[in-house]
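# Per-entry structural report
Read off the chains here:
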Amino acid sequence: VDLPNRDLSVDECVQRLLDVLRREGVLEGGITDPSGLPLPPGYVDGWLEDSLHLTGAAAISAKQQALSLPKVRLNDIDVNWLQVLGEGWAAPLKGFMRESVLLQSLHFNSVLIDPFGNQGDAHINEEATNWESTSHSSTRASLAVPIVLPITSGTRDAILNSNQRTVALVDKDGKFLGHLKDPEIYNNRKEEIVSRCFGAIDADHPYIKHIYSGGDYLLGGEIELFERITYNDGLDKWRKTPKELYSEFKAKGADVVFAFQTRNPTHAGHAYLMRTGRERLVAKGHSNPVLWLSPLGGWTKSDDVPLDVRVKQHQAILDEGMLDPSWTVMGIWPAPMIYAGPTEVQFHAASRRAGGASFFVVGRDAAGIKGSSVAVTHTDDDMYDANHARFVLQASPLLDDGVMQLLSFDKFFYDKSDHQMKAMDPSREDDFISISGSKMRALARQGAVPCTDPIPSDLLAANCVPQGFMVPTGWAIVCDYYQNVDSGKFVP
């Protein structure tokens, strides 16, 4: 192991040694991959997507049997979560949370696991909830958000009266997607879920409204999919499973992967975070850090930029060189957005580990949202402090085993002197301007054109966008969206 101690601090030398030992499988105590990229939490003998997707004769037989089973109809958000589970994004979870698993998630943002059965609890989260259980594995996996399936009293009665130990899962159009085994039905304690997950009272919060609109019961149990979930919207080629992404990272020769989640069009500020993140990893001794550009692909609130617009804009920034395609892989992450700030960002980071990432880029106000006009506090203002999410993530047990780490950034600005986004230089503060998301949206609605030098401080009045803020094709895509957002041309 090369440890140039004249160039590195003691802590950096120790970290480099640990990285090599982990890559060689010395520290894991379990299965490792020769690439050195981390395997998902609880990985034992294969990828979850392989064990949870039925194929061939087994899939045909299960579909036929499903015709006679009690049926649970899933809405769009439920289908998002089913895809998350079936593809292994919530590893080691294999189905919708049973009550014991939900309680652990709500109270500890994690669940007990015993993947190798060393303590006799290999299936601890797949068993019916037992209030007398004294099992307590010494290992936890981060799982911070409630992944649950609400059902109505009518559906509950149909399941209980069927005497079946399997239920069929169908989408809103009646298509059979999969089944759920050994169902566990329990009360949907909505207020408890909301208060613990969100830490806020806001009846108009979009996901809180979704929770309260759900049925009064929750259905837990392990799932199997009859086939891969697809949407046939032109974006399926970017919907890659953890196993597929892992293979792409290895094909690029990655010795480390860092993930950047997007829910907005990518501009020079985001590119600055990604390029700087890569530079930091190279400085740590990594030879080929690969970026996972990871647009959130599930449900979002109605005024968020639709997925197809974002993906096309992301592809434009790759095609036009704002990001280097040689060290970038774009892959849609299928989870819905729940806007739970510090709680949710833990899941965002943990889930990327399932696809081989060792670093997660986090900035200000991750997974945040503004309180609505009826919020009890923070009305029309940020629901969470902009620094809380990254601080909580830094202190999270998710980082305890050293496999997942953070690339944390504070606020950045546009430097008028060289047309670059970067951290502010206090010695020449007047050279920097802030371009907020709301300002970007207003400029796009106005069809702003590129500024000429000198860059004006009031961009809206000048109706121009600073040079280098976004690649031309990407900016045209964003302008087209915001100028036609009310035309019905775009579907949320």
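Analysis parameters
Residues numbered from 1 in each chain as written. Predicted model: local features only at pLDDT ≥ 70, side-chain atom pairs only at ≥ 80, totals over all residues. Heavy atoms only, no water. Pairing = 2+ DSSP bridges. Helix = DSSP H or I, 4+ residues; strand = E, 2+ residues; numbered from the N terminus. Core = buried A, V, L, I, M, F, W, Y, C linked by side-chain atoms within 4.5 Å. Buried < 20%, exposed > 50% of the residue type's maximum accessible area, 1.4 Å probe, protein only. Contact = heavy atoms within 4.5 Å. Patch = residues over 30% accessible without salt bridge, like charges linked within 9 Å, V, L, I, M, F, W, Y side chains within 5 Å. Areas by Shrake-Rupley, 256 points an atom, 1.4 Å probe, with all protein chains shown as cover. Salt bridge = Lys/Arg side-chain N within 4 Å of Asp/Glu carboxyl O. Disulfide = S-S within 2.5 Å. Phe/Tyr/Trp six-rings, centres within 6.5 Å; stacked < 30°, edge-to-face > 60°. Axes fitted to C-alpha atoms, helices over the stretch in contact; angles between N-to-C directions. Parallel < 35°, antiparallel > 145°, perpendicular 65-115°, else oblique. Left-handed = near helix turned anticlockwise from the far one by under 90°. Nonpolar A, V, L, I, M, F, W, Y, C, P; charged D, E, K, R; others polar.

To continue, consider the sheet that holds strand 14 (residues 413-415). Taken in spatial order, the three strands of this open sheet run 15-14-16, and their pairing is antiparallel. The sheet is open, and its two edges are formed by strand 15 (420-422) and strand 16 (432-433), each paired on a single side.

Moving on: the nonpolar core. Within the largest apolar cluster, 87 residues are counted, with the highest numbers of intra-cluster contacts made by Trp-81, Ile-147, Phe-198 and Phe-347. Residue contacts for Phe-198: discarding those within four places in its chain leaves Ile-193, His-205, Tyr-207, Ile-208, Ile-211, Ile-338, Tyr-339, Ala-340 and Tyr-384. Among the nonpolar cores identified, the runner-up in size contains 51 residues, and Phe-260, Leu-273, Leu-291 and Ile-332 belong to it.

Note that Ala-367 resides in the loop between strand 12 (359-362) and helix 13 (388-395). Owing to a relative accessible area of 10%, Ala-367 belongs among the buried residues under this scheme. Counting along the chain gives 24 residues from Ala-367 to Thr-343, while the straight-line C-alpha distance between them is 8.7 Å. Residues contacting Ala-367, with those up to four places away along its chain left out, are Met-337, Tyr-339, Ala-340, Gly-341, Glu-344, Val-345 and His-348.

A few words on a nonpolar patch on the surface. Where nonpolar side chains cluster on the molecular surface, the patch consists of Val-1, Leu-3 and Leu-17 and spans about 240 Å² of accessible area. The class of Leu-3 is partly exposed, set by a relative accessible area of 32%.

Attention now goes to the state of the cysteines. One pass over the full model with this rule turns up one disulfide. One disulfide in the model links Cys-451 with Cys-464; its S-S distance is 2.0 Å. On the sign convention where negative means left-handed, the S-S torsion of about 90° between Cys-451 and Cys-464 marks this disulfide as right-handed. Pair noted here: Cys-451 is in the loop between strand 17 (449-450) and helix 15 (459-462) and Cys-464 is in strand 18 (residues 464-465), with a separation of 13 residues, a long-range link. With respect to burial, Cys-451 and Cys-464 carry one shared label: buried.

The next thing to look at is the pattern of salt bridges. One pass over the structure, following the stated rule, counts 27 salt bridges. Between Lys-94 and Glu-126 there is a salt bridge, and its shortest N-O distance comes to 3.5 Å. Within this pair, whereas Lys-94 is found in the loop between helix 4 (76-87) and strand 2 (95-96), its partner Glu-126 is found in the loop between strand 3 (110-113) and strand 4 (139-142), the two being separated by 32 residues in sequence. One salt bridge connects Asp-410 with Arg-390, and the closest N-O pair in it is separated by 3.5 Å. Placement of Asp-410 in the loop between strand 13 (405-408) and strand 14 and of Arg-390 in helix 13 is noted, with a sequence separation of 20 residues between them. What emerges from the salt-bridge pattern is a single network uniting Asp-415, Asp-418, Lys-422, Asp-425, Arg-428 and Asp-431.

Moving on, we come to the packing of aromatic side chains. Going through the model one piece at a time under the given rule, you end up with 13 aromatic pairs. Considering the side-chain rings of Trp-47 and Tyr-246, the 5.1 Å spacing of their centres and the 65° angle between planes classify their relative orientation as edge-to-face. Of the two residues, Trp-47 is situated in the loop between helix 1 (10-23) and helix 2 (48-52) and Tyr-246 in helix 9 (residues 242-251); the sequence distance between them amounts to 199 residues. Classification of Tyr-246 as buried rests on a relative accessible area of 3%. On the numbers, 5.8 Å between centres and 55° between planes, the contact of Phe-249 with Trp-292 is tilted. Residue Phe-249 is located in helix 9, and its partner Trp-292 is located in strand 10 (residues 289-295); the two are separated by 43 residues in the primary sequence. Just as Phe-249 is buried, Trp-292 falls in that class too. Three or more aromatic residues link up through ring pairs in this structure, and these residues are Phe-198, Tyr-207, Trp-299 and Tyr-339.

Along helix 8 (residues 206-213), the residues that are buried comprise Pro-206, Tyr-207, Ile-208, His-210 and Ile-211. The inward-facing, buried residues of helix 8 contact helix 4 and helix 7 (190-198).

Turning our attention to unusual backbone geometry. The omega torsion across Ala-91 and Pro-92 is 10°, close enough to zero to call that bond cis. Its location among the elements puts Pro-92 in the loop between helix 4 and strand 2. Here Asp-453 and Pro-454 are connected by a cis peptide whose omega angle stands at -5°. Along the chain, Pro-454 turns up in the loop between strand 17 and helix 15. Positioned with a positive phi, Asp-182 is a non-glycine residue whose angle comes to about 50°. The residue Asn-463 is not glycine, and still its phi comes out positive at about 50°.

To continue, consider the environment of Ser-138. Within the secondary structure layout, Ser-138 lies in the loop between strand 3 and strand 4. Among the residues examined, Ser-138 registers a relative accessible area of 63% and is labelled exposed. Sequence spacing of Ser-138 and Leu-293 is 155 residues, and the spatial spacing of their C-alpha atoms is 34 Å.

We now examine the side chain of His-270. Among the secondary structure elements, His-270 is positioned in helix 10 (residues 268-283). Those residues in contact with His-270, other than ones at most four positions away along the chain, are Phe-260, Pro-265 and Phe-412.

Our next topic: the pairing of strand 8 (residues 217-225). Put simply, side chains in a regular strand alternate between the two faces of the sheet. Counting buried residues in strand 8 gives nine out of nine residues, a clear majority hidden from the surface. Note that strand 5 (residues 150-151) and strand 8 share two bridges and pair antiparallel. By the bridge assignment, Pro-150 is partnered in strand 8 with Leu-218.

Strand order in the open sheet formed by five strands is 11-10-9-12-13, and the pairing between neighbours is parallel. Bordering the open sheet on either side are strand 11 (328-330) and strand 13, each of which pairs with just one other strand. Adjacent strand axes in the sheet meet at a mean angle of 25° when their direction is disregarded. Across four bridges, the pairing between strand 12 and strand 13 is parallel. The residue bridging Val-361 from the neighbouring strand is Leu-407, located in strand 13.

A few words on the packing of helix 11 (residues 307-319) against helix 16 (residues 472-483). With their axes 8 Å apart at the nearest point, helix 11 and helix 16 run at an angle of 160° to one another. By the angle class used here, helix 11 and helix 16 are roughly antiparallel. Here helix 11 runs over helix 16; the crossing is left-handed. Listed contacts from helix 16 to Val-309, Lys-312, Gln-313 and Ala-316 of helix 11 are Thr-473, Gly-474, Ile-477, Val-478 and Tyr-481. The residue makeup of the contact of helix 11 with helix 16, split by class, is five nonpolar, three polar and one charged.

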